[in-house]
Each structure stands twice: as C-alpha cells, then as structure tokens.
Amino acid sequence: MSHTNKLKIFNDPIYGFITIPNEFIFDLVQHPYFQRLRRVSQMGLSYLVYPGAHHTRFHHALGAMHLMQKAVEVLRFKGVALSKDEETALYCAILLHDIGHGPFSHALEQSIVENLHHEALSLLFMNRLNVEFEGKLSLAIQIFKGDYHRKFMLQLISSQLDMDRMDYLKRDSFYSGVAEGNINSDRLIQMLNVVNDELVLEEKAIYSIEKFLMARRLMYWQAYLHKTSLVAELMLIRVFKRAKELLQKGTDLSCSKPLKFFLQNRIEYSDFNNDTLDQFAQLDDFDIISAIKVWQHESDFILSSLSRMLLHRDLLKIKVSNDKFEKESLTTLKQQLVSIYPISLAETDYFIFKGKIKTLGYNKAIEPIKIVKKDRKVEDVVVASDQLNSKAFSKPVTKFYSCFPKVLTESSK
C-alpha cells in the first residue's frame, strides 16, 4: 500500500505537534505490530484510581521518539557527530523499545508469557521487522542490544535518565493528574552532552536532575505502586492463574483465540517462532476485558468472583505497612473465609495473600547519571548534588502488603 505523504504530524497534548522524521519511521508506525500499541494501556489498571490514565503505549512511544529528535538536535549543535543512519537508528530503537509489551503493560508481564520480560519480546519484534524491512533495523537493533561501539546511544534509550523515562514521567503525570511527577524534559535535554563517549549533563542541570529523580520516586509511590492499582493488578494476575488452571484441567473457557493459545500452552522464550510472535501480536487490552466480561458468568466461583470484582471495581481490601505481615494472621483469615466462600483452604490463596514492593530513587550500583563540570571533570550526580548524596535517597524503600476480601472486615465487626 503506497502513501503519497508519509511525513505526517501528530497532535500531542503534552508537546504539541510531533513530526514523523522520515518515510521509514512512518512505515514502522503504520505497521500492525506498532498500531497494536494503541490498544495497550500505558499504566495498566491505574485508571481505577486515576480516571484519566487511559493513555497508551502508542502515545508514549511517539513521545519518546519526539524527545529523541530534540536530543539529536541538541547534541549535533554541541558538536557531537551523528550520521543520518545513526539518527534514524536512534529513532527506530526508541520508537520500538516497548513494542513487546503485552495487555495492560506490566500488569500481566509474567502471566501470559512466563519468565520473559517485555524487552526480550521487543527484540523479537524488532528482529522480525528487520527481516520484513530488508535489514533497515540492523543498526537500531545493535544499539538496542548495547553492541554498538558508541555507548552514549544506548544511554539515550536505556539509562537512569533516558528519553523513555523523560516521556513516561511527564505523560503519566499529565494523564493521571499526579502533578508531583511533572518534570522539565526540555531543560534536561538542553543540558545533554557527550564526553568520552558517555552521556553527561552540564553542571547547571543539577536541580533539574534532582527534580527528575524526586518526581520518579513520587510517581512510584503515588501512582505506579498506589495500593488500589496494586491490588487490582494482583487480582488480574490471579484471574489468569485460575483461567490457566481450569483450561489445563479440561474446562472450556470462552476467550479470543490468541488468548486461549497462551492460556492453554506454557510458552517461554525458547518456544517463540514466527507463529507464536504473530499470536502475541494479536493480544491487547480488549482480549483481556472481553474475557473477564464472559468469565464473570462462569460456574467456577473463584474465576467468576475475581472477574466480577475487577469489572465492578469492588476490589479486595489491601493493607500496606513498613513491617512484615505475620503468616499466622493470614491463616486465621483463611480459616474464616472457608466458612463464608464455597472454596477449599488451599483455594483461599486466590483471595488472601501477602507480598512486598520495593523501589529505589537512584541506583548507584548501576550506571550513574554523570555531570560534567566547567573544568571538564566528570562525576556522579550523587557527588555533585547536595540533595542526592544523602543515603536516604539512594536507599531502597520496601513496603509490605496483605490482601483479603472485604467480607472478612465486615464479619469481624
């Protein structure tokens, strides 16, 4: 199918007009693999807390590419040599970095395909597209894998201050309404440079970096790990665990063909071929919602109850604490639940469970954010910053949660 004008523009609520830089990028955006991202939500089930958080991976990928265009422009202005091929490869790599995300993004990452992260699936998609586009993605794949000799290019795509994070913080903050996540991506990009093949930021960007890292930390606790979206995602995982269990026991469940394929078969990385990838490429949020709408009427109490609770936002009760929850307290709740729900003691694990969540504001252990000073000396942002050198900021924060049906809190009154 030929298009007369491939240099399209998108109207984005955050950046204004986003331009497609060349015809090849347009062809990638038009590809069904990429168009699928219009039907994959960026923030999973966060819309159950923040009603505006209905934006998609499609939005985010285009936004990240737009920021990469700005970064290329800034670096070239500062004398960093970038060939046309390298420029296009950077746009391709950032555009496709999330193409491997499944329905509801991170929520079902380990439920549909086991022991496989979306980055590995993104690479499978990129390799497949590379065959289709006769090798035009080879350099982008090299950069994405970290095999290209110019190290800073990977840092623009994947590091502690990359175009991916710069877009998702600003975008997720905008759509959720969590103002604490808003960052000054324009200033951060204007401060970018390359020294000894490493991505650095000029010293005067220090306060913008501090704001960026603080915004990320706040977004995790206020949005991504908000207790209500957390319990909803944990329930969604259990819906799929139960569906798999029933299908593998021979119960026939109605759902789309590609979804049934992944529920009936234990698919891991080694099982992926072109057919498996095509099956995955047909999955999006609509398969999941459609299945849950049907499953709420199933005769299995566990599957129907969890499905109905998710659809009606009548979720499990979740308690979050800085201290671990004792196993004994959950055992007591499980014994109570057996007398209320028509389930066995073993099956109470679907409704009563505990776990932990952990996040880190800034990880000193991996590749640090580097600052270039006026004397051209390069140092870790933690050393250069008054705020970030406190141990509190780079120390992991761990919280513990326990979940159980509201009927138990009501029956204990």
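Values in this document were obtained by computation on a predicted structure and should not be read as measured data.

Trainee: Could you give an account of the overall build of the protein, with specific residues and numbers?
Mentor: When its secondary structure is counted, the protein shows 18 helices and nine strands. In terms of C-alpha radius of gyration, the protein reaches 23 Å, essentially the compact-globule figure of 22 Å for 413 residues. Principal-axis analysis of the C-alpha atoms gives the protein an extent of 70 × 55 × 35 Å. For the protein, the residues scored as buried account for 55% of the 413 residues in total. Here the contacts in the protein between residues at least 6 apart in sequence split such that 71% fall between residues at least 24 apart. Of the roughly 19000 Å² that the protein leaves accessible, carbon and sulfur atoms contribute 50%. The centroid of the 54 positive side-chain charges in the protein is displaced by 5 Å from the centroid of its 49 negative side-chain charges.

Trainee: So what about the sheet that holds strand 7 (residues 370-372)? Which residues, and what values?
Mentor: To summarise the sheet geometry, strands pair through backbone hydrogen bonds and adopt either a parallel or an antiparallel arrangement. With respect to topology, four strands assemble into an open sheet ordered 3-4-7-8, the strand pairing being mixed. The open sheet has two edge strands with one neighbour each: strand 3 (192-195) and strand 8 (378-380). Recorded for the sheet is a direction-independent mean angle of 45° between the axes of neighbouring strands. As defined by bridge partners, strand 4 (residues 198-202) adjoins strand 7 across three bridges and the pair is classed as parallel. Looking across to strand 7, one finds that Val200 is bridged to Lys370.

Trainee: Go over a positive patch on the surface, please, and point to the residues and values.
Mentor: Taken together, the side chains of Lys324, Lys327, Lys354, Lys356 and Lys358 present a region of like positive charge at the surface. Looking at the positive patch, the element that brings in the most residues is strand 6 (residues 353-359), giving three residues. Looking at the secondary structure, you find Lys356 in strand 6.

Trainee: Describe the packing of helix 5 (residues 118-132) against helix 6 (residues 138-145), listing the residues and the values that go with them.
Mentor: The geometry of helix 5 relative to helix 6 is characterised by a closest axis approach of 10 Å and an angle of 165° between their N-to-C directions. It follows that helix 5 is roughly antiparallel to helix 6 by the angle criterion. Relative to helix 6, the crossing made by helix 5 is left-handed. Touching Glu119, Ser122, Leu123, Met126, Asn127 and Asn130 of helix 5 are Ser138, Ala140, Ile141, Phe144 and Lys145, all from helix 6. In terms of residue class, the contact of helix 5 with helix 6 is made up of five nonpolar, four polar and two charged.

Trainee: Could you give an account of the packing of helix 11 (residues 227-248) against helix 12 (residues 257-264), naming the residues involved and the relevant values?
Mentor: Packing of helix 11 against helix 12 brings their axes to within 9 Å, and their N-to-C directions diverge by 80°. Between helix 11 and helix 12, the interaxial angle falls into the category roughly perpendicular. Here Phe240, Ala243, Lys244, Leu247 and Gln248 of helix 11 come into contact with helix 12, specifically with Leu259, Lys260, Phe262, Leu263 and Gln264. Of the residues that constitute the contact of helix 11 with helix 12, the class distribution is six nonpolar, two polar and two charged.

Trainee: Describe in detail the packing of aromatic side chains, supporting the description with residues and values.
Mentor: Counting across every chain of the model gives 14 aromatic pairs. For the ring pair Tyr220 and Tyr224, a centre distance of 5.0 Å and an interplane angle of 75° mean the geometry is edge-to-face. You can see Tyr220 and its partner Tyr224 sitting in helix 10 (residues 206-224), four residues apart, about one turn around the helix. On the basis of an interplanar angle of 45° and a centroid distance of 6.2 Å, the ring pair of Phe301 and Phe351 is categorised as tilted. Of this pair, Phe301 sits in helix 15 (residues 301-311) while Phe351 sits in the loop between helix 16 (327-338) and strand 6, placing them 50 residues apart in sequence. Through a chain of ring-to-ring contacts, three or more aromatic side chains come together here, namely Tyr33, Phe125, Phe261, Phe262 and Phe280. It is Arg38 that lies over the ring of Phe58; its NZ or CZ is 3.9 Å from the centre. Taking NZ or CZ as reference, Lys241 lies 5.3 Å from the ring centre of Tyr350, over its face.

Trainee: An account of the sheet that holds strand 9 (residues 397-404) is requested, with residue identities and associated values reported.
Mentor: Taken together, the three strands give an open sheet; going across it, the order is 5-9-6, and neighbouring strands pair in antiparallel fashion. Among the strands making up the open sheet, the edge pair consists of strand 5 (317-321) and strand 6. Each strand of the sheet is rotated relative to its neighbour by a mean of 25°, with strand direction disregarded. Pairing geometry for strand 6 and strand 9, over seven bridges, is antiparallel. Bridging across to strand 9, Lys358 finds its partner in Thr398.

Trainee: Before we move on, can you summarise the pattern of salt bridges with the specific residues and values?
Mentor: One pass over the structure, following the stated rule, counts 27 salt bridges. Its salt-bridge partner being Asp278, residue Arg128 comes within 3.3 Å of it at the nearest N-O pair. Of this pair, Arg128 sits in helix 5 while Asp278 sits in helix 13 (residues 274-281), and the two are 150 residues apart along the sequence. According to the relative accessible area criterion, Asp278 is partly exposed, its value standing at 27%. Note that Lys370 is salt-bridged to Glu198, the shortest N-O span being 3.0 Å. Here the residue Lys370 occupies a position in strand 7, and Glu198 occupies one in strand 4, the gap between them amounting to 172 residues. Glu198 shares its class with Lys370; the two are buried. It is possible to trace a salt-bridge network through shared partners that takes in Arg242, Glu245, Lys249, Asp300 and Glu347.

Trainee: Pulling in residues and values, what's your account of the pairing of strand 2 (residues 16-19)?
Mentor: In this structure, strand 1 (residues 9-12) lies alongside strand 2, joined through four bridges in antiparallel fashion. When the bridges of strand 2 are listed, Phe10 appears paired with Ile18. Here strand 1 folds back onto strand 2, and the loop between the two strands holds three residues.

Parameters and conventions
- Residues numbered from 1 in each chain as written.
- Predicted model: local features only at pLDDT ≥ 70, side-chain atom pairs only at ≥ 80, totals over all residues.
- Heavy atoms only, no water.
- Helix = DSSP H or I, 4+ residues; strand = E, 2+ residues; numbered from the N terminus.
- Rg over C-alpha atoms; globule rule 2.2 N^0.38 Å.
- Buried < 20%, exposed > 50% of the residue type's maximum accessible area, 1.4 Å probe, protein only.
- Contact = heavy atoms within 4.5 Å.
- Areas by Shrake-Rupley, 256 points an atom, 1.4 Å probe, with all protein chains shown as cover.
- Lys, Arg positive; Asp, Glu negative; His and termini not counted.
- Charge placed at Lys NZ, Arg CZ, Asp CG, Glu CD.
- Pairing = 2+ DSSP bridges.
- Axes fitted to C-alpha atoms, helices over the stretch in contact; angles between N-to-C directions.
- Patch = residues over 30% accessible without salt bridge, like charges linked within 9 Å, V, L, I, M, F, W, Y side chains within 5 Å.
- Salt bridge = Lys/Arg side-chain N within 4 Å of Asp/Glu carboxyl O.
- Parallel < 35°, antiparallel > 145°, perpendicular 65-115°, else oblique.
- Left-handed = near helix turned anticlockwise from the far one by under 90°.
- Nonpolar A, V, L, I, M, F, W, Y, C, P; charged D, E, K, R; others polar.
- Phe/Tyr/Trp six-rings, centres within 6.5 Å; stacked < 30°, edge-to-face > 60°.
- Lys NZ or Arg CZ within 6 Å of the ring centre and 35° of its normal.

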